[in-house]
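# Examining the three-dimensional arrangement
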Amino acid sequence: MNRILIVEDEVRIIAPVERGLRSHGFITAVAKDGREAISLARDADFDLLILDIGLPNVDGWVVLRELRERGEQMPIVILSARDDIRDKVAGLEGGANDYMTKPFSFQELLARIRLRLRETRVSQTKEEKILKAGNISLNLHTHQVYVGDRLVELAAREFSLLETLMQQPGRVISRDRLLKEVWGYDYDPGSNIVDVYIGYLRKKLGNYSIETVRGVGYCLPS
Ligand code: CA
């Protein structure tokens with residue numbers, strides 16, 4: 001089931017949109033201001049955002065910019081009373097996938113949401129660019145790693161070690177496999193290089209980011 005975050009401060013719009021989406025099988029959540037939208041989008045996995053521009057605290061432009069800068073790739077459909085062509089262009093160039101103006105018809109909004117979700121599914125099967133585990137996200141394209149909203153700098157070997165662990169969050173990966181995939185060793189050279197690099201990653205990502213499974217290997221909690 002698809003999860004949609006409705007970012008909107010007007011109750012008279014929130015209520016019918018929520019009701020309509022739920023009756024079509026979507027799971028919905030609501031953020032009534034920009035700050036809340038940014039933190040909800042970070043902490044929970046949404047498949048799509050409906051984004052108003054005029055919002056309390058920080059406006060929709062800031063929400064859009066922060067999410068895209070962080071590498072969030074869920075489709076964002078702007079739903080705004082601003083019908084100036086310059087706003088539409090700014091929205092689409094700023095990384096929104098669609099721009100609808102108020103007043104709007106729910107049927108049209110629903111059709112556009114379905115279309116954007118379908119496009120995402122197609123492009124995700126072509127190329128999975130972002131790996132996620134817990135609050136860590138790793139962008140295979142830009143090589144950026146975030147813990148929550150904190151950007152973490154990793155050396156090349158650290159990145160590829162983390163990438164290998166993140167391919168299968170929740171699964172224990174053996175030292176032998178890590179040696180082979182990250183360092184290209186077919187045998188254990190008798191060093192503790194894997195453990196040393198796990199230590200580097202923990203320092204950068206947080207002590208509890210990677211679990212040790214004694215005698216077996218390491219695991220990234222999903
Ligand atoms: Ca508004």
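Residues numbered from 1 in each chain as written. Predicted model: local features only at pLDDT ≥ 70, side-chain atom pairs only at ≥ 80, totals over all residues. Heavy atoms only, no water.

## As for the coordination of the calcium ion
Distances from the calcium ion to its protein donors, namely Asp9 (OD), Asp52 (OD) and Gly54 (O), fall within the range 2.2 to 2.4 Å. Donor residues for the calcium ion sit on one chain with the sequence pattern D-x42-D-x1-G. Of the two residues, aspartate 9 is situated in the loop between β1 (3-7) and α1 (11-23) and aspartate 52 in the loop between β3 (48-51) and α3 (60-69); the sequence distance between them amounts to 43 residues. Taking relative accessible area as the criterion, aspartate 52 reaches 4% and is therefore assigned buried. (Donors = N, O, S within 2.8 Å, 3.2 Å for Na, K, Ca; no water. Helix = DSSP H or I, 4+ residues; strand = E, 2+ residues; numbered from the N terminus. Buried < 20%, exposed > 50% of the residue type's maximum accessible area, 1.4 Å probe, protein only.)

## Quick notes on the sheet that holds strand β11 (residues 211-213)
An order of β10-β12-β11 is seen for the 3 strands of this open sheet, with the pairing classed as antiparallel. Two strands lie at the open edges of the sheet, namely β10 (172-174) and β11, each paired on one side alone. Direction aside, neighbouring strands of the sheet carry axes that sit 35 degrees apart on average. Relative to strand β12 (residues 217-219), β11 runs antiparallel, the two sharing 3 bridges. Note that in β12 the partner of glutamate 211 across the bridge is cysteine 219. (Pairing = 2+ DSSP bridges. Axes fitted to C-alpha atoms, helices over the stretch in contact; angles between N-to-C directions.)

## Regarding the nonpolar core
By size, the foremost hydrophobic cluster in this structure holds 25 residues, and its most contacted members are Ile136, Val145, Leu162, Leu165, Met166, Leu205 and Leu220. Those elements that provide at least two residues to this core are β6 (130-133), β7 (136-139), β8 (145-147), α6 (156-167), α7 (175-183) and α8 (193-205). The residues touching leucine 205, leaving out its near neighbours within four places in the chain, are Ile136, Val145, Val147, Arg150, Val152 and Leu162. Core analysis: the second largest hydrophobic core is formed by 22 residues, Phe46, Leu55, Leu64 and Ile78 among them. (Core = buried A, V, L, I, M, F, W, Y, C linked by side-chain atoms within 4.5 Å. Contact = heavy atoms within 4.5 Å.)

## Some points on the sheet that holds strand β4 (residues 76-80)
Spatial strand order, β2-β1-β3-β4-β5: 5 strands in an open sheet with parallel pairing. Every interior strand has two partners, whereas the edge strands, β2 (27-31) and β5 (98-101), have only one. Taking each pair of neighbouring strands and ignoring which way they run, the sheet shows an average axis angle of 20 degrees. Pairing analysis gives 4 bridges linking β4 to β5, with the strands arranged parallel. Across the sheet, the residue bridging to isoleucine 78 is tyrosine 99, located in β5. Each of β1, β2 and β3 is contacted by α1, which is oriented at about 160 degrees to β2, the strand it contacts most. Relative to β5, helix α4 (residues 85-93) is tilted by about 150 degrees, and along the sheet it contacts β4 and β5.

## Structural notes on α6
The end-to-end C-alpha separation of α6 is 17 Å, in line with the 16 Å expected for 12 residues at 1.5 Å each. Within α6 the residues assigned to the buried category are Glu158, Phe159, Leu161, Leu162, Thr164, Leu165 and Met166. (Expected span 1.5 Å × (residues − 1).)

## Re the environment of leucine 178
As for its position among the elements, leucine 178 is in helix α7. Between the alpha carbons of leucine 178 and asparagine 57 there is a distance of 46 Å; along the sequence they are 121 residues apart. Setting aside chain neighbours within four positions, we find leucine 178 in contact with Leu161, Thr164, Leu165, Ile173, Trp183, Val194 and Tyr218.

## Points about the packing of α7 against α8
Between two packed helices, both the angle of their axes relative to each other and the distance between the axes serve to describe the pair. With their axes 10 Å apart at the nearest point, α7 and α8 run at an angle of 80 degrees to one another. Here α7 lies roughly perpendicular to α8, going by the angle between them. On α8, the residues touching Arg175, Leu178, Leu179 and Trp183 of α7 are Ile193, Val194, Asp195 and Tyr197. When the residues that make up the contact of α7 with α8 are grouped by side-chain class, the tally is 6 nonpolar, no polar and 2 charged. (Parallel < 35°, antiparallel > 145°, perpendicular 65-115°, else oblique. Nonpolar A, V, L, I, M, F, W, Y, C, P; charged D, E, K, R; others polar.)

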